[in-house]
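Chains, contacts and geometry: an overview
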Amino acid sequence: MKSITIKGSQRESVGKVATKALRNAGKVPCVLYGGDKPVHFSADEIAFKDLVYTPNAYTTVIELEDGQKFDAVLQDIQFHPVTDNILHVDFYQLFEDKPITMRIPVRLEGNSPGVRNGGRLLFRKRKLSIRALPALLPDFITVDISKLRIGQTIAVESILNDDYTFLHPDSTAIVQVKASRTSVDEELEDEDEEGVEGAEGEATEGGEAPEAEAAE
């Protein structure tokens, strides 16, 4: 998994006055947990842009001014209810021999024949929670929909992997295709494909497949 570097300064004081002063200066108070003791530090708010405002999942390398470096993962983040400014960030330190839990984005691959025949693609799980050693965390989880027909579903049990454990029931639906008013009977279409052309040799053109629908 790719990492993003956050450069910060260790905090000597963690009181309300010091925290307010940091925020007024465009800094974000942060805490790193998971080690021998919590590490308090601050970083520029702009440093979190690529880590927070993205659908991708990343680990983090925290570099402090005194030369200390920590591998970590974003654990919690607090936003201002009105301005949406970042108020506070919690990180959890990573160790090579300790599994970590993360939510990983799902990437669909291929073209669904069910969608081509007018079905509606419902993307039920855009992220999946997994548990794995840091070195085995994937950037994304690929789901192949190239054989997904109308009425079919791809569930977690179809993409089990030895590198990580899914924290969802095996029956959890990730993506499925449902029939719509314009969907075509796929069995009839298959028969047509195997048959010969009409007397005039003109192939019938199908309509364009509708765009995928995201699940609510």
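Report follows, based on the coordinates. (Residues numbered from 1 in each chain as written. Predicted model: local features only at pLDDT ≥ 70, side-chain atom pairs only at ≥ 80, totals over all residues. Heavy atoms only, no water.)

A look at the packing of aromatic side chains
How two aromatic rings sit relative to each other is set out by the distance from centre to centre and by the angle between their planes. Applying the stated criterion across every chain, the model contains 3 aromatic pairs. Aromatic pair Phe 48 and Phe 91: ring centres 6.4 Å apart, planes at 25 degrees, arrangement stacked. Pair noted here: Phe 48 is in the loop between strand 3 (39-44) and helix 2 (49-52) and Phe 91 is in strand 6 (residues 86-93), with a separation of 43 residues, a long-range link. Taken as a pair, Phe 48 and Phe 91 share a single burial class, namely buried. Ring-pair connections join several aromatic residues into one group, and the members of that group are Phe 41, Phe 48 and Phe 91. A cation over a ring is seen here: Lys 98 above Phe 95, with NZ or CZ 4.8 Å from the ring centre. For the cation-ring pair, Arg 107 lies above Phe 140, with the distance from its terminal atom to the ring centre recorded as 3.7 Å. (Phe/Tyr/Trp six-rings, centres within 6.5 Å; stacked < 30°, edge-to-face > 60°. Helix = DSSP H or I, 4+ residues; strand = E, 2+ residues; numbered from the N terminus. Buried < 20%, exposed > 50% of the residue type's maximum accessible area, 1.4 Å probe, protein only. Lys NZ or Arg CZ within 6 Å of the ring centre and 35° of its normal.)

Describing the sheet that holds strand 6
With mixed pairing, 6 strands are arranged side by side around a closed barrel as 1-3-2-6-5-4. Taken pair by pair, the neighbouring strands of this sheet meet at an average axis angle of 45 degrees, ignoring direction. Bridge count for strand 4 (residues 59-64) against strand 5 (residues 69-79) is 4 bridges, and the pairing is antiparallel. From the neighbouring strand, Ile 62 faces strand 5, where its bridge partner is Phe 70. Strands in contact with helix 1 (residues 16-24) are strand 2 (27-33), strand 3 and strand 6; relative to strand 2, the strand with the most contacts, it is inclined by about 125 degrees. (Pairing = 2+ DSSP bridges. Axes fitted to C-alpha atoms, helices over the stretch in contact; angles between N-to-C directions. Contact = heavy atoms within 4.5 Å.)

Interpretation note: all reported values are geometric properties and have no functional meaning in isolation.
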